[in-house]
Amino acid sequence: MKKLPDERGYFGEYGGKFVPETLINALEELERAYRAFQKSRDMKNELKNLLINYAGRPTPVYFAANLSRKTGVEIFLKREDLLHTGAHKLNNTIGQGLLSRFMSKRRLIAETGAGQHGVATATVAALLGMECTVYMGSVDIERQAPNVARMKLLGAEVIPVESGSRTLKDAINAALRDWVKNVRTTHYCLGSVVGPHPFPMMVRDFQSVIGKEAHAQMRKQWGGDPDFVVACVGGGSNAAGIFSGFLHLTKIKLIGVEAGGYGNAPGEHSARMRKGRRGILHGCITYLLQSDDCQVLPVHSVSAGLDYPAVGPEHAFFKDNEIVEYVRCSDKEALEACLMLSKLEGIIPALESSHALGYVLSKRKKFKGARVLVNLSGRGDKDMDIIRKETRI
Amino acid sequence: MKGYNGLYLMGNFPDPEAFVEASNAGLAFFDFLEVGVPFSDPVADGPVIERAAGKVLAKGYRAEDIFASIEKIACPPGKKIYIMTYANQVFARGNGAFATMMKRSGASGIILPDVPSVERARFENDFARYGIDLVRFITPESTHEQIQNAVPGARGFVYCISIRGITGSALVLDAETKRKIVYARKYSSAPVVLGFGIRDAHSARIALEHADGFIMGTRAIEKLESDGVSGLQGFLKEIAMALAE
């Protein structure tokens, strides 16, 4: 398969650069810096050193023996929850932080939903001595309070976004507006494989370390390839990262899990692949949940990291070309998986990652006897309030 | 009024009747009208226009309803109506379907603030078939090479975004931007019109010192909301008098 995206930033029909003209040169500068980064041994070594000694890579692949015994499915967990700051997001922010320094931009801005990307950006800003502003919808600020406190402790300014649905989508709008104003001094550290080119490519590449490690670990430690690789898909960065290590092996089935929420009506789920159609949001052509008047629809998920009305353009391409199967997991199934993993393995997963596991557990018949690698993209400490409320613990 | 100037109004804001009245009042003074077709996620707009779009959408008006109102505007000969909306409104409907609605309503040009030059082709060619102009942009970030590529083939007018920022910000023209406007005017056969940050006669005069015209938006929406059509009309008349030739 030809390496995608193409030079215009397209994955087949999807992708592109649909942003105000004012940002075009900044995107080109970023792409040039990224290409230079890829060629520079020094910069790659610095990234590698930070990923190992600061972030704690490689993260293990753990065979969940108790869960496997109980379900009849051989379940392996890629433990991104053990990465510094508690989720895979740091793989990307370290990369973009170094790029920003390379471009002499000393201010980082970011959007955040669950707060994990905000924390990861604030962490890198602290490490590299940069200024940091994080935009977060006020609904998310309320449901992810521990992460807000962490960002502030790390020295970041957290700006509540009160427009629209006051969640992730609106935080991206606010960050884009900030970037247009401060484009000369500021790098927009986008947290997922969404947005205009080169973000979907660059974030995927920074997250591809998950897939590379997992592929080698399965072969070296666990007796060979898995039959399935399963990851949750909000914007889709953890999924893009782990899938990238297995795309060349056509026998392995790749499954992306969207948030099924609690129903099928608009505003009750975030199932872009099932219910969305082609549209343009936040810089790219992709699957988008939209009304027949082409307005972006409200979305829901119990997890703040998955309730986004669009999805990374590469995932849209994967869907159309049947490279990845996209499925749904409901709020309830995700919460059940979260409880089960906590009780049986002593691992409290993030509600986002619980969707990946929840799909496998709710469809355990389909997976009976198979080897399934689940990307456990983050830990659940941040979700304790929601878990307590939803499960009456 | 001196120059080639535009007035921005949000379609069906504050209601369809007042919108049509305000449009007719505006066209008495301005050379073109820029009508916003609301989108749920207007990333190039500041809070005033975003809120106006939100109110129109909350009342349940669709793009079709906005175009029905535009049809009722009495656009004098020689004056033009442009549509300002976001890429998804056009893309998700299909270029042809959107252009057909525009054509029927009497609008003859379109401004898509999230479609930069590198993505222009997929819209421009289709719209040209319907005789609709896709407006091109220059910004404080544009290089001379980009201006040279954008400006010579421009139809309607060239939209010069005056500042790095969103609608409703303050106007500050730095020396570099002024030089870019001079450069654009040299290469353009269409008027180069300055938008973003024009709030009163003073800022309009600054715009006219450097460009062929200006677009006023956020301030007009505020005025219409607080003082109604007659308040807006009075405000526009004052500006027109201050800028009389």
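Rules behind the numbers
Residues numbered from 1 in each chain as written. Chains lettered and ligands numbered in written order. Predicted model: local features only at pLDDT ≥ 70, side-chain atom pairs only at ≥ 80, totals over all residues. Heavy atoms only, no water. Contact = heavy atoms within 4.5 Å. Buried area = accessible area lost by both parts, 1.4 Å probe. Polar contact = N/O pair within 3.5 Å; in protein donor to acceptor, adjacent residues only side chain to side chain. Helix = DSSP H or I, 4+ residues; strand = E, 2+ residues; numbered from the N terminus. Nonpolar A, V, L, I, M, F, W, Y, C, P; charged D, E, K, R; others polar. Core = buried A, V, L, I, M, F, W, Y, C linked by side-chain atoms within 4.5 Å. Buried < 20%, exposed > 50% of the residue type's maximum accessible area, 1.4 Å probe, protein only. Expected span 1.5 Å × (residues − 1). Phe/Tyr/Trp six-rings, centres within 6.5 Å; stacked < 30°, edge-to-face > 60°.

Asks: Got a sec to walk through the interface of chain B and chain A? Specific residues and values, please.
Replies: On the side of chain A, 35 residues touch chain B, which itself brings 40 residues to the contact. Between chain B and chain A, a total of about 3200 Å² is buried, with carbon and sulfur atoms accounting for 49% of that surface. Taken together, the links from chain B to chain A amount to 25 residue pairs in polar contact (both at pLDDT 80 or more). For the side of chain B that touches chain A, the secondary structure elements donating two or more residues are helix 2 (47–58), helix 3 (63–71), helix 4 (87–91) and helix 6 (121–129) of chain B. Considering each element in turn, the side of chain B that touches chain A owes the most residues, four residues, to helix 4 of chain B. Along the lines of polarity and charge, the residues of the side of chain B that touches chain A split into 19 nonpolar, nine polar and twelve charged.

Asks: Summarise the nonpolar core; cite the residues concerned and give the values.
Replies: By size, the foremost hydrophobic cluster in this structure holds 180 residues, and its most contacted members are I83(B), I110(B), F123(B) and F157(B). Grouped together as the second largest cluster of nonpolar side chains are 29 residues, I255(A), L306(A), L357(A) and V374(A) included.

Asks: Could you give an account of helix 13 (residues 331–345) of chain A, naming the residues involved and the relevant values?
Replies: Residues and elements named next belong to chain A. Here helix 13 spans 21 Å end to end across 15 residues, near enough to the 21 Å set by a 1.5 Å rise per residue. Inspection of helix 13 places D331, A334, L335, A337, C338, M340, L341 and E345 among the buried residues, and these make up the whole buried set. Looking at the residues trailing helix 13, positive phi occurs at G346, about 70°.

Asks: Quick one: what's the story with the packing of aromatic side chains, residue by residue and with numbers?
Replies: Residues and elements named next belong to chain B. In total, this model carries 23 aromatic pairs over all chains according to the counting rule given. Ring centres of F30 and F214 lie 6.0 Å apart, and the angle between their planes is 85°; on these two criteria the pair is classed as edge-to-face. A residue pair is termed long-range when its members are at least 10 positions apart, and F30 in the loop between helix 1 (16–27) and strand 2 (32–36) and F214 in strand 9 (residues 213–216) qualify at 184 residues. When its relative accessible area of 0% is taken as the criterion, F30 is described as buried. For F214, a relative accessible area of 0% corresponds to the buried category.

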